[in-house]
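Take a look at the letters that make up each chain.
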Amino acid sequence: MDFAPLLGKANFWAYFFIMLTGLYGMAVKRNLVKKIIGLGIFQTAIMLFYVSIGSKEGATIPILTAADAAGRGGIDAAAYINPLPHVLMLTAIVVSVATLGVALALTLRLWRRYGTLEEDEILARLRGDPGGEACTPRS
Amino acid sequence: MRTLTLVALTLTAAFLFRAALDFPAWGDPASPAGLHVSRFFIERSYDDARTPNLVTATLADYRSYDTMFETVVVFCAALACFFIIRAAREACVANVFHYRHAPTGLVLTLRRGCPLPRLRGRFEQIDSEWTPRSVILETVSRGMIPFLQLFAIYVLAHGHYSPGGGFQAGVIFGASYILLAVSHDLRTLTDHVAERTMHLLAAAGVSLYVGIGALALWAGMQFMDYGWMTLAFGMDGPGAHSLGILLVELGVALTVCASLTTIFKLVSSEGTIMEGL
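Residues numbered from 1 in each chain as written. Chains lettered and ligands numbered in written order. Predicted model: local features only at pLDDT ≥ 70, side-chain atom pairs only at ≥ 80, totals over all residues. Heavy atoms only, no water.

K.L.:
Mind laying out helix 10 (residues 237-268) of chain B, listing which residues take part and the relevant values?
P.N.:
Under the 1.5 Å per step criterion, the end-to-end length of helix 10 of chain B is 46 Å for 32 residues, consistent within 8% with the ideal 46 Å. Two residues or fewer after helix 10 of chain B comes Glu 270 of chain B, characterised by a positive phi angle close to 55 degrees. (Helix = DSSP H or I, 4+ residues; strand = E, 2+ residues; numbered from the N terminus. Expected span 1.5 Å × (residues − 1).)

K.L.:
So what's going on with the packing of aromatic side chains? Which residues, and what values?
P.N.:
In this structure the tally under the stated criterion is 16 aromatic pairs over all chains. Ring centres 6.5 Å apart and planes at 65 degrees place the aromatic pair Phe 16 of chain A and Phe 23 of chain B in the edge-to-face group. Of this pair, Phe 16 of chain A sits in helix 2 (residues 10-28) while Phe 23 of chain B sits in the loop between helix 1 (2-20) and helix 2 (37-49), on two different chains. What makes Phe 16 of chain A buried here is its relative accessible area of 5%. (Phe/Tyr/Trp six-rings, centres within 6.5 Å; stacked < 30°, edge-to-face > 60°. Buried < 20%, exposed > 50% of the residue type's maximum accessible area, 1.4 Å probe, protein only.)

K.L.:
I'd like a rundown of the pattern of salt bridges, residues and numbers included.
P.N.:
Residues and elements named next belong to chain B. Across all of its chains, the model carries eight salt bridges over all chains by this definition. With a closest N to O distance of 3.6 Å, Arg 18 and Asp 22 form a salt bridge. Given a relative accessible area of 47%, Arg 18 falls into the partly exposed group. Looking at Asp 22, the relative accessible area reads 59%, which means it is exposed. (Salt bridge = Lys/Arg side-chain N within 4 Å of Asp/Glu carboxyl O.)

K.L.:
Quick one: what's the story with a nonpolar patch on the surface, residue by residue and with numbers?
P.N.:
Residues and elements named next belong to chain A. The grouping of Val 33, Ile 37 and Ile 41 at the surface amounts to a nonpolar patch, some 220 Å² of accessible area in total. Locating Ile 41 in the fold gives a position in helix 3 (residues 32-53). The exposure class of Ile 41 is partly exposed, given its relative accessible area of 31%. (Patch = residues over 30% accessible without salt bridge, like charges linked within 9 Å, V, L, I, M, F, W, Y side chains within 5 Å. Areas by Shrake-Rupley, 256 points an atom, 1.4 Å probe, with all protein chains shown as cover.)

K.L.:
Let's hear about the pairing of strand 1 (residues 96-101) of chain B: which residues, and what values?
P.N.:
All names here are of chain B. The side-chain alternation of strand 1 yields one buried face, formed by Phe 97, Tyr 99 and His 101, and one unburied face, formed by Val 96, His 98 and Arg 100. Where strand 1 lies against strand 2 (residues 107-111), five bridges are found, and the strand directions are antiparallel. Across the sheet, Tyr 99 pairs through a bridge with Leu 108, a residue of strand 2. Between strand 1 and strand 2, which pair antiparallel and follow one another directly, the connecting turn spans five residues, one of which, Gly 105, has a positive phi of 80 degrees. For strand 1 and strand 3 (residues 123-126), the ladder comprises four bridges, and the chain directions are antiparallel. Bridging from a neighbouring strand, His 98 pairs with Ile 126 of strand 3. (Pairing = 2+ DSSP bridges.)

K.L.:
Can you explain the environment of Leu 148 of chain B? Please cite residues and give values.
P.N.:
All names here are of chain B. In this fold, Leu 148 is placed in helix 5 (residues 135-157). Separated by 78 residues in the primary sequence, Leu 148 and Tyr 226 have C-alpha atoms spaced 31 Å apart. Excluding residues that lie within four positions of it along the chain, Leu 148 makes contacts with Ile 172, Ser 176 and Leu 179. (Contact = heavy atoms within 4.5 Å.)

Shape descriptors only; they carry no functional weight alone.
So this is what it looks like as structure tokens:
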């Protein structure tokens, strides 16, 4: 059996594994911070996937060499890796940090209100005892 | 629930691995992603925008709509953080803080929001989590911060020719502020750059980006066509695009730097911006 076509895609399989790890964390873990960590792992897998799509065998980074920049015409597209996935992921990384901030802010708000970050405890409190702020002083 | 999720994940994994068999091999120059529009970007970007760094040219010129809205997303994330936790700060915070004046050892008791007296030497907050300051940490980070900021400006200004650009520069500049907040305290950071200034910088970055694009409308061109600078500054087309890219990246850097610093300040201090980590 010829394994060469399978091994040529080993990178994609690694990203799928990372992605599913993140998905598992988001779906199964009850703790909200662990869910956020799962989200981060998931995003990392997507970024790796995109950057890997852009790679070309034997090509260099997407910055024109001095010779190509000076020359008239005749830039060989196969000599530079695809800049497009890098552009997309460049913005995605910064946006993922910003959304992480929003997620943490929401988590802080939940912690302040319910005193716990366990999903099932919050749900139980929502159903049974919808009492006010957890940390207001009791009289 | 857990078994159901595992079954669903296994199914997803099976589909993904099957789909991967049809993908082009890793590094294949003829893979579909590298053929159509990407060839155009590689071959034309120097003639169009005189920018050797193809990523910068694609990011801020060919795909400047995308980048504009990504910048808006970062700005909105900072706004969202602000409204989620900053507005509700009154709820659970003690009203009295204790500050130790480092040179004399004097301890002051202040109500929240009262300014500290203008004395020489530093005040540090004393609470149940108070730890003594580390002179080594403060000195080393104080030495590093100017160079971090200089490097961020270099990354911004040299983004046309080397790896870099607005997002990276903004993150590095923001990291220098976060380093200041972590190594000293949040109060030191807000003394250097007021919260209001940070918010104005974030808004100014987005406005600069959108303004550069909107000025093209005034010149009778399409939105985000940097060609209007040929009329305004009398330069050739590719030069105008190159300058447009730089200005737009400056806007991105301002917004990213201010937004990330704001998010850090809010999250680390539970929305009070008084005392953080």
